[in-house]
Amino acid sequence: MGPGTLGVLPLRGVRSRCGFTSGTFLLACPKCGERDLAPIEFSGKGRIASFTVLSVPGEEFVKEAPYAYVLVDLDEGGRIAGWMAADRTGGPPAIGMAVQYVAGAAQGNRFAREDASGASR
Ligand SMILES: [Zn+2]
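The model shown is predicted, which means the values in this text are computed figures rather than measured ones. Sequence order as written defines residue numbering, which begins from 1 separately in each chain. Local features in this predicted model are restricted to residues whose pLDDT is 70 or higher, and side-chain atom pairs enter the listing and the counts only when it is 80 or higher, whereas totals over whole chains, interfaces and linings include all residues.

## A short note on the nonpolar core
Piece 1. Here a nonpolar core is just a set of buried residues of the types Ala, Val, Leu, Ile, Met, Phe, Trp, Tyr and Cys, joined wherever their C-beta atoms sit within 7 Å. With C-beta atoms placed from the backbone, a residue is labelled by how many other C-beta atoms lie within 10 Å of its own: buried for 20 or more, exposed for 12 or fewer, partly exposed between the two. By size, the foremost hydrophobic cluster in this structure holds 17 residues, and its most contacted members are Tyr67, Ala68, Val70, Val72, Met84 and Phe111.
Piece 2. We count a stretch as a helix when DSSP gives it H or I for four or more residues in a row; a strand needs E for two or more, and each element gets its number in order from the N terminus. Residue contributions to this core peak at five residues, all from strand β5 (residues 67-74).
Piece 3. Here, residue contact means that the backbone-derived C-beta atoms of the two residues sit within 7 Å. Excluding residues within four positions of it along the chain, valine 70 makes contact with Ile48, Phe51, Gly82, Trp83, Met84, Pro93 and Phe111.

Below, the structure is given as structure tokens:
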């Protein structure tokens, strides 16, 4: 992905007729075998299913450390991998924490904690 394409890309995935939803593109539905999967756009809201805090980042994340590698269960279904700053908004990530996808990250799928007002930081 080049720098010119950053910042505007929504989260996309696919949905099968059976309702199975994936945040990654698939050739066929793992549940029913359907091959005609419809593209969908996610709201970007979800909850942390799993995470790992990384204090020693790769070069591309030096400015973001410590950060967490997160697996997020999206509200519309599907699970995707991403990352979020680990300690800037009131503590480390937690399983079940509500998060919001943040468009425009230079690397990967960035998420941020979603606060009670619904805004993300
Ligand atoms: Zn299916």
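Still to come is the rest of the account.
## Some remarks on the pairing of strand β4 (residues 45-54)
Within a regular beta strand, the side chains point alternately toward one face of the sheet and then the other, so they alternate between its two faces.
Piece 1. As defined by bridge partners, β4 adjoins strand β7 (residues 98-102) across three bridges and the pair is classed as antiparallel. Along β7, the bridge assignment pairs lysine 45 with glutamine 100.
Piece 2. Each pair of strands is called paired provided DSSP finds at least two bridges between the two strands. Alignment of β4 against β5, held across eight bridges, turns out to be antiparallel. By the bridge assignment, serine 50 is partnered in β5 with leucine 71.

## Brief notes about the sheet that holds strand β3 (residues 38-41)
Across a sheet, strands are paired by hydrogen bonds formed along the backbone, either parallel or antiparallel in direction.
Piece 1. Across the sheet, three strands lie side by side as β2-β1-β3; this open sheet has antiparallel pairing. What marks the edges here is a single partner per strand, and that holds for β2 (21-22) and β3.

## Observations concerning the confidence of the model for the protein
Piece 1. Mean pLDDT over the protein: 83, with 83% of residues reaching 70 or higher.
Piece 2. For every residue, the predictor assigns a confidence score, pLDDT, that lies between 0 and 100. Confidence over residues 1-7 falls short of pLDDT 50; this stretch has four contacts with residues more than four positions distant or in other chains.

## Describing the environment of valine 99
Piece 1. With respect to the helices, strands and loops of the structure, valine 99 is situated in strand β7.
Piece 2. Expressed as a C-alpha distance, the spacing of valine 99 and glycine 44, which sit 55 residues apart in the sequence, is 8.1 Å.
Piece 3. In contact with valine 99, other than residues within four places in its own chain, are Gly46, Arg47, Ile48, Val72, Met84, Phe111, Ala112, Arg113 and Glu114.

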